[in-house]
Amino acid sequence: AWKRDAKGGPRRPRVEYKTAAQLASEFDQDRPAMRIVDMRGPEVRVAKSFSELAMALSSDTCQSLKELRYNTRKLVGGYEDRIRNLAEKRRYYEDALISSAAEQERLQAAASMGKGGVERCEELAREIEGLRDRQAKGEVGLRELGAAFCKLRDGWRREFEALRAADAALALAVPTASRELALWKPLERPDEGFAHFA
């Protein structure tokens, strides 16, 4: 029953808190089954005995460990993706720096050439253009093309690097090799195809 205090207002009920040990000592078989309300987690649990409460707590530990493992795997996967992306970006920038350094060396080599060097570059360009015309007509094979570019590299070394003539050699060698290997019959003449690369 509610009692009014001296001021005339309703008196609040007195709340008693007991520990688990106190509850266990007061527990009596004659009493009706008590309910234990566990409000420590995200959900409120009602247990009829301490053993039931202990079982619920142990199962919660397993579930929380599973959730922890899942969350950890997810975090690790996310950070691995970020590390992989950063490694790819780093590789890209390293390649860009290497190519820009090579381009800078080529430009410096071209800038250091005087009037005579420019004339030699023009002469080398004419030689490469002549090889391109012969390659387009099918008058030069892969072996002759390789020998001609080796001779150009030995004769015009600085100009060869400044004009990046190796790229031109590769651009002419690929269609020539495709044309020659298209005619090769490896079962009838197995050694003939590799002779072009000797």
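Quick notes on the rules
- Residues numbered from 1 in each chain as written.
- Predicted model: local features only at pLDDT ≥ 70, side-chain atom pairs only at ≥ 80, totals over all residues.
- Heavy atoms only, no water.
- Patch = residues over 30% accessible without salt bridge, like charges linked within 9 Å, V, L, I, M, F, W, Y side chains within 5 Å.
- Areas by Shrake-Rupley, 256 points an atom, 1.4 Å probe, with all protein chains shown as cover.
- Salt bridge = Lys/Arg side-chain N within 4 Å of Asp/Glu carboxyl O.
- Helix = DSSP H or I, 4+ residues; strand = E, 2+ residues; numbered from the N terminus.
- Core = buried A, V, L, I, M, F, W, Y, C linked by side-chain atoms within 4.5 Å.
- Buried < 20%, exposed > 50% of the residue type's maximum accessible area, 1.4 Å probe, protein only.
- Contact = heavy atoms within 4.5 Å.
- 1 Å grid on protein atoms, 1.4 Å probe; cavity = no way out; pocket = protein on both sides within 12 Å on 5 of 7 lines; lining within 4 Å.
- Points joined across faces, edges and corners; volume = space filled by probe spheres on them.
- Axes fitted to C-alpha atoms, helices over the stretch in contact; angles between N-to-C directions.
- Parallel < 35°, antiparallel > 145°, perpendicular 65-115°, else oblique.
- Nonpolar A, V, L, I, M, F, W, Y, C, P; charged D, E, K, R; others polar.
- pLDDT = per-residue confidence, 0-100.
- Phe/Tyr/Trp six-rings, centres within 6.5 Å; stacked < 30°, edge-to-face > 60°.
- Expected span 1.5 Å × (residues − 1).
- Arc of directions from axis to C-beta.
- Polar contact = N/O pair within 3.5 Å; in protein donor to acceptor, adjacent residues only side chain to side chain.

Some thoughts on a nonpolar patch on the surface
Here is step 1 of the chain: Nonpolar side chains collect at one region of the surface, where Val 37, Met 39, Val 44 and Val 46 lie side by side and expose about 400 Å² of accessible area between them.
Here is step 2 of the chain: As for its position among the elements, Met 39 is in the loop between strand E1 (36-38) and strand E2 (45-47).

Brief notes about the nonpolar core
Here is step 1 of the chain: The biggest cluster of nonpolar side chains holds 12 residues, and these are Leu 124, Ile 128, Leu 131, Val 140, Leu 145, Phe 149, Leu 152, Trp 156, Phe 160, Ala 165, Ala 169 and Leu 172.
Here is step 2 of the chain: If you list the elements that add at least two residues to this core, you get helix H3 (115-137), helix H4 (142-155) and helix H6 (165-182).
Here is step 3 of the chain: Ignoring sequence-local partners within four residues, the contact set of Leu 131 consists of Val 140, Leu 145, Ala 148, Phe 149, Leu 152 and Leu 172.

Let's talk about the layout of surface pockets
Here is step 1 of the chain: One number sums up the size of the largest pocket: a volume of about 220 Å³.
Here is step 2 of the chain: If you trace the largest pocket, you find 10 residues lining it, with Lys 18, Leu 23, Ile 36, Val 37 and Phe 50 closest to the centre.

Quick word on the pattern of salt bridges
Here is step 1 of the chain: One pass over the full model with this rule turns up seven salt bridges.
Here is step 2 of the chain: A salt bridge links Glu 159 to Arg 120; the nearest nitrogen and oxygen atoms lie 3.0 Å apart. Taken together, the residues Glu 159 in helix H5 (residues 157-162) and Arg 120 in helix H3 connect sequence positions 39 residues apart.
Here is step 3 of the chain: Using a relative accessible area of 7% as the deciding quantity, one classes Glu 159 as buried.
Here is step 4 of the chain: Of the charged contacts, one joins Arg 132 and Asp 133 as a salt bridge, the two residues approaching to 3.3 Å between their closest N and O atoms.
Here is step 5 of the chain: Overlapping salt bridges bring together Glu 129, Arg 132 and Asp 133 as one network.

Re the packing of H3 against H4
When two helices pack together, you describe them by how their axes are tilted relative to each other and by the distance separating the axes.
Here is step 1 of the chain: One way to put it is that H3 packs onto H4 with a least axis distance of 11 Å and a crossing angle of 180 degrees. In terms of their interaxial angle, H3 and H4 are classed as roughly antiparallel. For the pair H3 and H4, the contacting residues are Arg 120, Leu 124, Glu 127, Ile 128 and Leu 131 in the first and Leu 145, Ala 148, Phe 149, Leu 152 and Gly 155 in the second.
Here is step 2 of the chain: Its residues assigned to classes, the contact of H3 with H4 comprises seven nonpolar, one polar and two charged.

Details of the confidence of the model for the chain
Here is step 1 of the chain: Per-residue confidence for the chain averages 76 on the pLDDT scale, and 78% of its residues sit at or above 70.
Here is step 2 of the chain: Averaged over each element, pLDDT in the chain is lowest for helix H7 (residues 192-195) (59) and highest for H4 (85).

What about the packing of aromatic side chains?
Here is step 1 of the chain: If you walk through the whole model with that rule in mind, you get one aromatic pair.
Here is step 2 of the chain: For the pair Tyr 92 and Tyr 93, a centre-to-centre distance of 5.2 Å together with 65 degrees between the ring planes defines the contact as edge-to-face.
Here is step 3 of the chain: Tyr 93 gets classed as exposed once you look at its relative accessible area, which sits at 52%.

Observations concerning H4
Here is step 1 of the chain: The terminal C-alpha atoms of H4, which comprises 14 residues, lie 20 Å apart, in line with the 20 Å expected from a rise of 1.5 Å per residue.
Here is step 2 of the chain: Among the residues of H4, Leu 142, Leu 145, Phe 149 and Leu 152 are the ones counted as buried. Here the buried residues of H4 occupy an arc of 90 degrees about the axis, which is enough to place them on one side.
Here is step 3 of the chain: Turning to H4, the residues buried within the fold contact H3, H5 and H6.

Let's talk about the side chain of Glu 159
Here is step 1 of the chain: For Glu 159, the side chain forms a polar contact with the side chain of Arg 120, separated by 3.0 Å.
Here is step 2 of the chain: Not counting chain neighbours up to four residues away, the residues in contact with Glu 159 comprise Met 113, Gly 117, Arg 120, Cys 121 and Leu 124.

Describing the packing of H4 against H6
Here is step 1 of the chain: Direction vectors running N to C along H4 and H6 enclose 170 degrees, while the axes themselves pass 9 Å from each other. Relative to H6, the element H4 is oriented roughly antiparallel. In this structure, H4 contributes Leu 142, Leu 145 and Phe 149 to the contact, and H6 contributes Ala 165, Ala 168, Ala 169, Leu 172, Ala 173, Thr 176, Ala 177 and Glu 180.
Here is step 2 of the chain: The residue inventory of the contact of H4 with H6, partitioned by class, reads nine nonpolar, one polar and one charged.

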